[in-house]
Amino acid sequence: MRFKRFGASLLVTGLALLGTASPALAHSELKSSDPARGASLATPPTQIKLTFSGPVTLADENPIQITGPENASWTVGRAEVAGTVVTAPVQAVGPAGEYTLRYKVTFEDTHATSGSVKFNLSAPAPSPTSQAPTSSPAPASSAAPAPQAGETTPEDLVPSWVWIVLAVAVVVAGIVVALRFTRRKD
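Residues numbered from 1 in each chain as written. Predicted model: local features only at pLDDT ≥ 70, side-chain atom pairs only at ≥ 80, totals over all residues. Heavy atoms only, no water.

## Section: the packing of aromatic side chains
Then comes step 1: Tallied over the full model, the rule gives five aromatic pairs.
Then comes step 2: Judged by centre distance (5.5 Å) and plane angle (70°), the rings of F52 and Y103 are edge-to-face. Here F52 is found in strand β3 (residues 47-52), whereas its partner Y103 is found in strand β9 (residues 97-107), with 51 residues between them in sequence. Each member of the pair, F52 together with Y103, is buried.
Then comes step 3: Note on W74 and Y99: the rings are 5.2 Å apart at their centroids and 45° apart in plane angle, and the pair reads as tilted. On the criterion of sequence distance, the pair formed by W74 in the loop between β5 (64-67) and β6 (75-76) and Y99 in strand β9 is long-range, its members being 25 residues apart. No difference in accessibility class separates W74 from Y99, as the two residues are buried. (Phe/Tyr/Trp six-rings, centres within 6.5 Å; stacked < 30°, edge-to-face > 60°. Helix = DSSP H or I, 4+ residues; strand = E, 2+ residues; numbered from the N terminus. Buried < 20%, exposed > 50% of the residue type's maximum accessible area, 1.4 Å probe, protein only.)

## A word on the nonpolar core
Then comes step 1: One finds L50, F52 and L101 to be the most contacted residues of the largest nonpolar core, which totals 25 residues.
Then comes step 2: Elements with a minimum of two residues in this core: β3, β5, β8 (85-91), β9 and β10 (112-121).
Then comes step 3: With sequence-adjacent residues up to four places away left out, L101 is seen in contact with I48, L50, I64, Q65, I66, G115, S116, V117 and F119. (Core = buried A, V, L, I, M, F, W, Y, C linked by side-chain atoms within 4.5 Å. Contact = heavy atoms within 4.5 Å.)

## Digging into a nonpolar patch on the surface
Then comes step 1: On the surface, I164, V168, V172 and V176 cluster together into a nonpolar patch covering about 320 Å² of accessible area.
Then comes step 2: Tracing the backbone shows V176 in helix α4 (residues 160-185).
Then comes step 3: Residue class for V176 comes out partly exposed when judged on its relative accessible area of 38%. (Patch = residues over 30% accessible without salt bridge, like charges linked within 9 Å, V, L, I, M, F, W, Y side chains within 5 Å. Areas by Shrake-Rupley, 256 points an atom, 1.4 Å probe, with all protein chains shown as cover. Salt bridge = Lys/Arg side-chain N within 4 Å of Asp/Glu carboxyl O.)

## Re the environment of R78
Then comes step 1: Along the chain, R78 falls in the loop between β6 and β7 (80-82).
Then comes step 2: As for R78 and N62, which are separated by 16 residues in sequence, their C-alpha atoms are 8.4 Å apart.
Then comes step 3: At 2.8 Å, the side chain of R78 and the side chain of E80 are in polar contact. (Polar contact = N/O pair within 3.5 Å; in protein donor to acceptor, adjacent residues only side chain to side chain.)

## With respect to the pattern of salt bridges
Then comes step 1: Per the stated rule, a full pass over the model turns up two salt bridges.
Then comes step 2: Here K118 and E98 are joined by a salt bridge, their closest N and O atoms 3.9 Å apart. Taken together, the residues span a long stretch of sequence, with K118 in strand β10 and E98 in strand β9 at a distance of 20 residues.
Then comes step 3: The partly exposed category is assigned to K118, whose relative accessible area is 38%.

## Regarding the side chain of S53
Then comes step 1: Structurally, S53 is set in the loop between β3 and β4 (56-58).
Then comes step 2: The buried category is assigned to S53, whose relative accessible area is 15%.
Then comes step 3: A distance of 2.8 Å separates a polar side-chain atom of S53 from the backbone nitrogen of E29.

## Structural notes on the environment of R102
Then comes step 1: Mapping R102 onto the fold places it in strand β9.
Then comes step 2: Judged by relative accessible area, which is 41%, R102 ranks as partly exposed.
Then comes step 3: In this structure R102 touches P63, I64, Q65, T67, G115 and S116, once residues within four positions along its chain are discounted.
Then comes step 4: Polar contacts involving the side chain of R102 include one to the side chain of T67, which spans 3.1 Å.

Following this line, the structure appears as structure tokens:
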């Protein structure tokens, strides 16, 4: 009888642990991008935007690169981070075709990741010499949008280490309760 109650207590504790620790176990990921994955664009963007499921920092000094056909490489300005959103001004060059946006970021839980987003240009990007000076990308400080209220996630509100500490506390409390039940029956 003692072992059944002890086993039941451990089962309840384990379920409570899984229920409270799930946000800490989930890794953040890319939620959306602009340009979107697989998009076909008639004109190249002047800014890129990456939205992640949790807060990020930039992994290195060149966190974003865009390359395409015929070794085309876009000029990417200084990337800015606002919580879960990374933006950077870009100056497109190159022919029509498939382009790949590569990124490197570090999530709040120190998990570094890289990924890519492929999109298409249906017309060639204008050469830098044919662009008017007024069409240059906006300064990076004005290019970073404020986070939207609807983009707040639990990871934004509570750091992952808090969830881990809470999970450990639940396990310890479950073990204490289980031990008290077994001692009362002795």
